[in-house]
Amino acid sequence: MASLVNPSSIPAIQTLDLVKIYKGKKKKQIQALNSLNLSVEQGMTFGFVGPNGAGKTTTIKILCGLGFQTSGKALLMGKPSAFPEARKSIGYLSEVASYSPYFVAEELLTAYGKLQNLAVSASQEKAEKLLKMVGLYDRRKSRLGEFSKGMLQRFGIAQALLHDPSILILDEPTSGLDPIGRQEVLKILHDLKKTGLTLFFSSHQLIEVEGLCDYVGIIDSGDLIFRGTLAELEAQETDSPFLIRLKLSSEQRISFNFPLLFQRNLEDHVQEIGVERNLLDKALNDIHSSGGEVVAVFPQKFPLEEIFVKLISKHAGSKAP
Ligand SMILES: Nc1ncnc2c1ncn2[C@@H]1O[C@H](COP(=O)(O)OP(=O)(O)OP(=O)(O)O)[C@@H](O)[C@H]1O
Ligand SMILES: [Mg+2]
């Protein structure tokens, strides 16, 4: 009988009420995940963002079968991640990828390919293709001990892709990299996104996922405190300030009897002021009654990092005893 489930509608990654409690020293219980519910559709690029200790690595380890949940479900293409069969669909790059410094890049990648049951020639071809993709082909004969941290991360991505996974899971792939190393890794992720691969990666920084991720999940202290697009996250900010551009004639003077966020003069008697949202009407009235002309009014977006910090602080406040 044909299956009634459309395979493309099965989430690539799903967690259902996922709980993880570690046992610390003196039997102290550390709740790393509190009923985490995540769903990542096939082909989606998902950024899993949170501060230190939020639970990102714990979630990723459970998804990759390297750790076990206390309760709840972790599914890959609908199958429990604890099943080896389910994990065939994933490629994984850990938080700290470490390799013996004596291996030559091309030889090690080819050897990994053989471990994946590829024939020698197929394995060599695959290694060559992947080294090109991650920009390391020119360094294929180098020992890994000569690689920078950024190059090792890119090598790790190549390794994770050897068996053609449909889901790539990366734990903080840009952590500890300089801006150029970070851009190189992000460029690879942008290229991979175009191939239709499901990408799931963790980061400390919301700004990093901008322009790359279809969806973000923000996790703090084991709680998923936001899931959606960055546009939806920004739209939650209903108290953002406004910029007003105004024009006064040479004789006109205007003073506001409330604090402005900023005031700057542009040319031709045009100036810009910043006002809190609740003072917008008052500012517009003051401009009109002084005979000034309002040229434009723009809502000011908060920087993503500011939104992130506010969200985390609010969540921490809600959990405080
Ligand atoms: N093996 C372990 N034993 C006990 N507690 C642990 C263990 N691993 C993680 N934890 C705790 O679980 C919580 C979540 O840790 P996790 O490593 O998942 O966070 P993270 O979001 O990956 O942080 P980071 O950004 O620093 O990598 C933290 O409180 C951490 O101390
Ligand atoms: Mg981590």
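Residues numbered from 1 in each chain as written. Chains lettered and ligands numbered in written order. Predicted model: local features only at pLDDT ≥ 70, side-chain atom pairs only at ≥ 80, totals over all residues.

Quick word on the overall build of the chain
Then step 1. Helix and strand counts for the chain stand at ten helices and 14 strands.
Then step 2. Against the 2.2 N^0.38 benchmark of 20 Å for 321 residues, the chain shows a C-alpha radius of gyration of 25 Å, more extended than a compact globule.
Then step 3. Dimensions of the chain, computed from C-alpha atoms along their principal axes, come out at roughly 85 × 55 × 50 Å.
Then step 4. Burial statistics for the chain: of 321 residues in total, 31% are counted as buried.
Then step 5. Considering only contacts in the chain between residues 6 or more positions apart, those separated by 24 or more positions represent 67%. (Helix = DSSP H or I, 4+ residues; strand = E, 2+ residues; numbered from the N terminus. Rg over C-alpha atoms; globule rule 2.2 N^0.38 Å. Buried ≥ 20, exposed ≤ 12 C-beta atoms within 10 Å, placed from the backbone. Contact = placed C-beta atoms within 7 Å.)

Description of the sheet that holds strand 10 (residues 223-228)
Then step 1. Overall, mixed pairing links the six strands, which are arranged 6-7-8-3-9-10 in an open sheet. Each edge of the sheet is formed by a strand with only one pairing partner; in this case those strands are strand 6 (90-93) and strand 10. Recorded for the sheet is a direction-independent mean angle of 15 degrees between the axes of neighbouring strands.
Then step 2. Set on the sheet, helix 10 (residues 304-319) makes contact with strand 9 (215-220) and strand 10; between it and strand 10 the angle comes to about 145 degrees. (Pairing = 2+ DSSP bridges. Axes fitted to C-alpha atoms, helices over the stretch in contact; angles between N-to-C directions.)

Quick look at unusual backbone geometry
Then step 1. For Asp17, which is not glycine, the phi torsion reads 45 degrees and is therefore positive.
Then step 2. Summarising the element assignment, Asp17 is placed in strand 1 (residues 13-23).

Quick word on the domain arrangement of the chain
Then step 1. Segmenting the chain into domains produces domain 1 (42-62 + 81-235) and domain 2 (242-299).
Then step 2. One C-alpha centre belongs to domain 1, the other to domain 2, and the line joining them spans 49 Å. (Domains from an automatic or database assignment.)

Focus on the site of ligand 1
Then step 1. Around ligand 1 lies a shell of 14 residues, among which Tyr22, Ala32, Lys56, Thr57 and Thr58 are the nearest.
Then step 2. Those elements that place two or more of their residues in the shell around ligand 1 are strand 2 (29-40) and helix 1 (56-63).
Then step 3. Looking at the shell around ligand 1, the element that brings in the most residues is helix 1, giving three residues.
Then step 4. Here the residues of the shell around ligand 1 are counted per class, giving four nonpolar, eight polar and two charged. (Near = placed C-beta within 6 Å. Nonpolar A, V, L, I, M, F, W, Y, C, P; charged D, E, K, R; others polar.)

Describing the pairing of strand 11 (residues 242-247)
Then step 1. The pairing of strand 11 with strand 13 (residues 270-275) spans six bridges and is classified as antiparallel. Bridge assignment links Ile244 to a residue of strand 13, and that residue is Ile273.

Description of the sheet that holds strand 13
Then step 1. One open sheet holds the four strands; their spatial order is 12-13-11-14, and the pairing between them is antiparallel. Two strands close off the open sheet at either side, each with one partner strand: strand 12 (262-265) and strand 14 (293-299). Sheet twist, expressed as the average angle between the axes of neighbouring strands with direction ignored, equals 15 degrees.
Then step 2. Here four bridges tie strand 12 to strand 13, and the two strands are oriented antiparallel to one another. Following the sheet pairing, Phe262 is matched in strand 13 by Gly274.

Describing the nonpolar core
Then step 1. Among the nonpolar cores identified, the biggest contains 57 residues, and Leu168, Ile169 and Phe200 are the most heavily contacted of them.
Then step 2. Each residue touching Ile169, except ones within four places of it in the same chain, is listed here: Ile60, Leu63, Cys64, Ile90, Tyr92 and Phe200.
Then step 3. Ile244, Leu246, Val275 and Ala283 belong to the second largest nonpolar core, which has five residues in total. (Core = buried A, V, L, I, M, F, W, Y, C linked by C-beta atoms within 7 Å.)

So, the environment of Ser94
Then step 1. Its place among the elements puts Ser94 in the loop between strand 6 and helix 3 (105-115).
Then step 2. Remark: the alpha-carbon pair of Ser94 and Leu243, spanning 149 residues in sequence, is separated by 44 Å.

Section: the environment of His163
Then step 1. Note on placement: His163 falls in the loop between helix 5 (149-160) and strand 7 (167-170).
Then step 2. For the pair His163 and Ser123, spaced 40 residues apart in sequence, the C-alpha to C-alpha distance is 9.9 Å.
Then step 3. Each residue touching His163, except ones within four places of it in the same chain, is listed here: Gly91 and Gln116.

So, the packing of helix 3 against helix 4 (residues 120-133)
A pair of packed helices can be characterised by two numbers: the angle between their axes and the separation between those axes.
Then step 1. Taken N-terminus to C-terminus, the directions of helix 3 and helix 4 make an angle of 130 degrees; their axes are 8 Å apart at the nearest point. Of the possible angle classes, the one that applies to helix 3 and helix 4 is oblique. Two packed elements cross with a definite hand, and for helix 3 against helix 4 that hand is right-handed. Across the interface between the two elements, Ala105, Glu106, Leu109, Thr110, Gly113 and Lys114 of helix 3 pack against Val120, Ser123, Gln124, Lys126, Ala127, Leu130 and Leu131 of helix 4.
Then step 2. Classifying every residue of the contact of helix 3 with helix 4 gives six nonpolar, four polar and three charged. (Parallel < 35°, antiparallel > 145°, perpendicular 65-115°, else oblique. Left-handed = near helix turned anticlockwise from the far one by under 90°.)

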